[in-house]
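Descriptive analysis of the structure
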Amino acid sequence: MEVKDFKIQWFPGHMTKARRMMEEHLRLVDVVVELLDARIPGSSINPMLRQMAGSKPRVIALNKADMADPVKTEAWLYRLKREGIPVCSVDCHTGKGVKQMLNLVKEAAKPITDKWLKKGVKNHDIRLMIVGVPNVGKSTLINRLVGRVKAIASDRPGVTKQKQWVTIAKGLELLDTPGVLWPKFENPEIGLHLALTGAVKDDVYDRRDALHLLLQELQVKYPQQLAMFYNITLSPEDTAETIMEKIGTARGCVKAGGVIDLNKVEQMVLYEFKTAKIGRFTLDEP
Ligand code: G4P
């Protein structure tokens, strides 16, 4: 199995509507915060947003930093900063980095607030919204900012409920509805990375193919962590199939007759990858 053969059954039926809604919301805000998955910053970014947001200030937050490779997160931050994008990493579970993110929002809005001041407008709040692909952590971030369980996001791109503005800090108002961006599938690798991290539902791709490709990728990028976590020995001759068998044996995933239960291995490894139990991995190279 090669990455180029990985397919996602994606029907972008809602895209036009989603785009229209996103544009409508964008008109209401001063700053857009695009949440990316720190494990796949390149795959979870949506280039359409830049077009839609136009000259509107944009801040990027690499979320789920607790699950990503810290060295690569630093490299991604360096790269994006060099491109002139205000960026930070966050962990919405603990709240780490969220304060810095809000400071970046204020900085990014400075040209706008300066204009307000020049016009004599005082005490005007900066309005922001959180956007990102499904499952990147938008609702978790909004809940953290708002301080109570409030935001219920839909997985369907662009689908919204009643809009509401919530004051989250002095001078900052948040649109409590996240903007759901549709994932882009410009190439099979992007699709694979989105699938492996949960941005697309698992009924639109072949899980066994995804696992094979994941094991091949980890064998190259994180072989020691993979071997250590499953207590197996890897050799350069290993294929995804033989790694699955080794993991199955090590974990006792065996059916009657001593046959390895590959379905169980598949379910287990995909879950343990998605939840960063195997290790903190970043799949996209900066
Ligand atoms: P969305 O609105 O963008 O679709 O994403 P949502 O906030 O629903 O988050 C998707 C999943 O990601 C949730 O897990 C959430 O807890 C988790 N998550 C969000 N931010 C972070 C983070 O910074 N670090 C980690 N490790 N996880 C994060 P879930 O398993 O779907 O739900 P639950 O078990 O938390 O209830």
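The structure presented is a predicted model; accordingly, all values stated were derived computationally and were not measured. (Residues numbered from 1 in each chain as written. Predicted model: local features only at pLDDT ≥ 70, side-chain atom pairs only at ≥ 80, totals over all residues. Heavy atoms only, no water.)

So, about the packing of aromatic side chains. For the coordinates displayed, the defined rule picks out four aromatic pairs. Measuring from centroid to centroid gives 5.9 Å for Phe6 and Tyr205, while their planes differ by 55 degrees, and the two rings are tilted. Linking Phe6 in the segment before α1 (15-28) with Tyr205 in the loop between α8 (188-196) and α9 (207-221), this pair joins segments that are 199 residues apart in sequence. Given a relative accessible area of 6%, Phe6 falls into the buried group. (Phe/Tyr/Trp six-rings, centres within 6.5 Å; stacked < 30°, edge-to-face > 60°. Helix = DSSP H or I, 4+ residues; strand = E, 2+ residues; numbered from the N terminus. Buried < 20%, exposed > 50% of the residue type's maximum accessible area, 1.4 Å probe, protein only.)

Attention now moves to the environment of Leu192. Looking at the element boundaries, Leu192 is found in helix α8. Separated by 81 residues in sequence, Leu192 and Pro111 place their C-alpha atoms 39 Å apart. Non-local contacts of Leu192, meaning those with residues more than four positions away in its chain, are made with Val3, Phe6, Ala210, Leu213 and Glu217. (Contact = heavy atoms within 4.5 Å.)

What follows deals with the packing of α8 against α9. Across the interface, α8 lies against α9 with an axial gap of 10 Å and an inter-helix angle of 100 degrees. Put simply, α8 runs roughly perpendicular to α9. Together, Leu192, His193 and Leu196 of α8 and Ala210, Leu213, Leu214 and Glu217 of α9 make up the contact between the two elements. (Axes fitted to C-alpha atoms, helices over the stretch in contact; angles between N-to-C directions. Parallel < 35°, antiparallel > 145°, perpendicular 65-115°, else oblique.)

So, on to unusual backbone geometry. The phi dihedral of Lys64 is positive, around 60 degrees, even though this residue is not glycine. Within the secondary structure layout, Lys64 lies in the loop between β2 (58-63) and α4 (70-82). Backbone geometry places Ala276, a non-glycine residue, at a positive phi of 60 degrees. When you line up the elements, Ala276 lands in the segment after α12 (262-274).

Below, the discussion takes up the site of the ligand. The local shell around the ligand holds 16 residues, among which Cys92, Asn135, Lys138, Ser139 and Thr140 are the closest. Side-chain polar atom of Lys138 to an oxygen atom of the ligand: 2.7 Å apart, as the coordinates give it. Considering the ligand on its own, with 710 Å² of exposed area, one finds that the protein chains cover 64% of that surface. Here the shell around the ligand takes three residues from helix α7 (residues 138-146), the largest share from any one element. (Near = heavy atom within 4 Å. Polar contact = N/O pair within 3.5 Å; in protein donor to acceptor, adjacent residues only side chain to side chain. Areas by Shrake-Rupley, 256 points an atom, 1.4 Å probe, with all protein chains shown as cover.)

As a further point, take the pairing of strand β6 (residues 172-175). Of the two faces of β6, the one lined by Leu172 and Leu174 and the one lined by Glu173 and Leu175 are each fully buried. Where strand β4 (residues 126-132) meets β6, three bridges bridge the pair, whose relative direction is parallel. Bridging from a neighbouring strand, Arg127 pairs with Glu173 of β6. In this sheet, β6 lies alongside strand β5 (residues 165-169) in antiparallel orientation, the contact comprising four bridges. Along β6, the bridge assignment pairs Val166 with Leu174. What sits between β5 and β6 in their antiparallel hairpin is a turn of two residues, with Gly171 showing a positive phi close to 80 degrees. (Pairing = 2+ DSSP bridges.)

Everything listed here is a matter of geometry and, on its own, says nothing about what the molecule does.
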